[in-house]
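Below are the chains, spelled out letter by letter.
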Amino acid sequence: MIPARDSASTIHEQLDALSRQSYTGNWEVIVADNGSQDGTRDIVNDWMGRLPNLRLVDAAAARGANHARNAGSQSSRGELLLFCDADDIADVNWVGAMAEALGHHDMVGGCIERKTLNDEVALAARPLKTFDGLLDSFGFLPYTPFANAGMHRDVWQRMGGFDESYRYGSTDVEFFWRGQLAGASMGYAPTAIMHYRLRSDLAGIAHQAYCYGRSHPQLFKTYRSDGMPRSDLRQAGREWGWIVTHLPWLVGEKPRQATWLYRSATRWGRLVGSARRGVLYL
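Basis of the calculations
- Residues numbered from 1 in each chain as written.
- Predicted model: local features only at pLDDT ≥ 70, side-chain atom pairs only at ≥ 80, totals over all residues.
- Heavy atoms only, no water.
- Pairing = 2+ DSSP bridges.
- Helix = DSSP H or I, 4+ residues; strand = E, 2+ residues; numbered from the N terminus.
- Core = buried A, V, L, I, M, F, W, Y, C linked by side-chain atoms within 4.5 Å.
- Buried < 20%, exposed > 50% of the residue type's maximum accessible area, 1.4 Å probe, protein only.
- Contact = heavy atoms within 4.5 Å.
- Axes fitted to C-alpha atoms, helices over the stretch in contact; angles between N-to-C directions.
- Patch = residues over 30% accessible without salt bridge, like charges linked within 9 Å, V, L, I, M, F, W, Y side chains within 5 Å.
- Areas by Shrake-Rupley, 256 points an atom, 1.4 Å probe, with all protein chains shown as cover.
- Salt bridge = Lys/Arg side-chain N within 4 Å of Asp/Glu carboxyl O.

## Quick word on the pairing of strand β8 (residues 186–195)
Part 1 of the argument: Where strand β5 (residues 89–90) and β8 come together, 2 bridges link them in antiparallel fashion. Its bridge partner lying in β8, Ala90 is registered against Met194.

## Brief notes about the nonpolar core
Part 1 of the argument: Formed by 35 residues in total, the largest nonpolar core has its most connected members in Met151, Phe175, Phe176, Trp177 and Met228.
Part 2 of the argument: Looking at this core, the elements with two or more residues in it are β2 (29–33), α3 (65–75), β4 (80–84), β7 (148–152), α6 (153–158), α7 (171–181) and α8 (202–223).
Part 3 of the argument: Each residue touching Phe176, except ones within four places of it in the same chain, is listed here: Met107, Tyr143, Thr144, Phe146, Ala149, Gly150, Met151 and Met186.
Part 4 of the argument: Formed by 27 residues, the second largest nonpolar core is a distinct cluster that contains Val29, Ile89, Val108 and Met194.

## As for the sheet that holds β5
Part 1 of the argument: Spatial ordering of the open sheet is given by β4-β7-β6-β8-β5, a layout of 5 strands whose pairing is mixed. Either end of the sheet is taken by a strand with one partner, and the two such strands are β4 and β5.
Part 2 of the argument: Relative to β7, strand β6 (residues 107–113) runs antiparallel, the two sharing 3 bridges. In the sheet register, Val108 faces β7, and the bridge partner there is Gly150.
Part 3 of the argument: Running at roughly 180 degrees to β8, helix α4 (residues 94–101) makes contact with β4, β5, β6, β7 and β8 of the sheet.

## Notes on unusual backbone geometry
Part 1 of the argument: The phi angle at Asp6 is positive, at roughly 50 degrees, despite the residue not being glycine.
Part 2 of the argument: Checked against the element boundaries, Asp6 lands in the loop between β1 (2–4) and α1 (11–19).

## Looking at a nonpolar patch on the surface
Part 1 of the argument: A cluster of nonpolar side chains, contributed by Leu247, Leu250 and Val251, occupies part of the molecular surface with about 290 Å² of accessible area.
Part 2 of the argument: Along the polypeptide, Val251 turns up in the loop between α9 (233–245) and α10 (254–277).
Part 3 of the argument: You can call Val251 exposed: its relative accessible area is 75%.

Set out below in structure tokens:
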């Protein structure tokens, strides 16, 4: 299932990748359009004859990727739900590897490959990591990005769907934490590879980091009673110290600008999110 909004520049690549999958079982592709104003819907319609069981679902009733995911999941016919994004490219064995992993777990995440589609500016903002597995950025429970995720349909139903109050940032973290706390098992599918596209324009990098940071206090407010730890104030202080001392990077080369913008926007987002949620998560 693909949530999409104004994805005309990239969605054809993802649909092409899905059309080449090695999986031979019955499956469908759902694009849940969240109110696109460009040619996204036209491109999807053009693929109808080339990608069997492709359907376009109107998900414009409310803004947000989680609303689109809920609308697409509601209309789905399968027992397994797989999720990817409109700007990434699935490996040829992605569907099969995810289906196989879901034979052993209630929820799974696949491998996020970030080198193929990204330039030095994008990678400077979000450097490559050597760790290959589920993410654990908050010292609590593992999770996986919705760019490469899957679950049994009954898990989504039992959980009441995706929380639409998380409109941008931590949508994936919230759901997979909630699922594990409710008893669902979480696994990793290393051969389910998704080539992941990062933001490369400086404004987009800063906006995304800000939104991510703003969502972290919301997570903390929701899950602190379940054991999510507070943010490390000493680490936050060191990060703000780095931001101040490296302010000259803002007028340097673009990779350095991207690094500075991502780190500073994330922390600024946490400040704003803390004020809005009435918690302290810096």
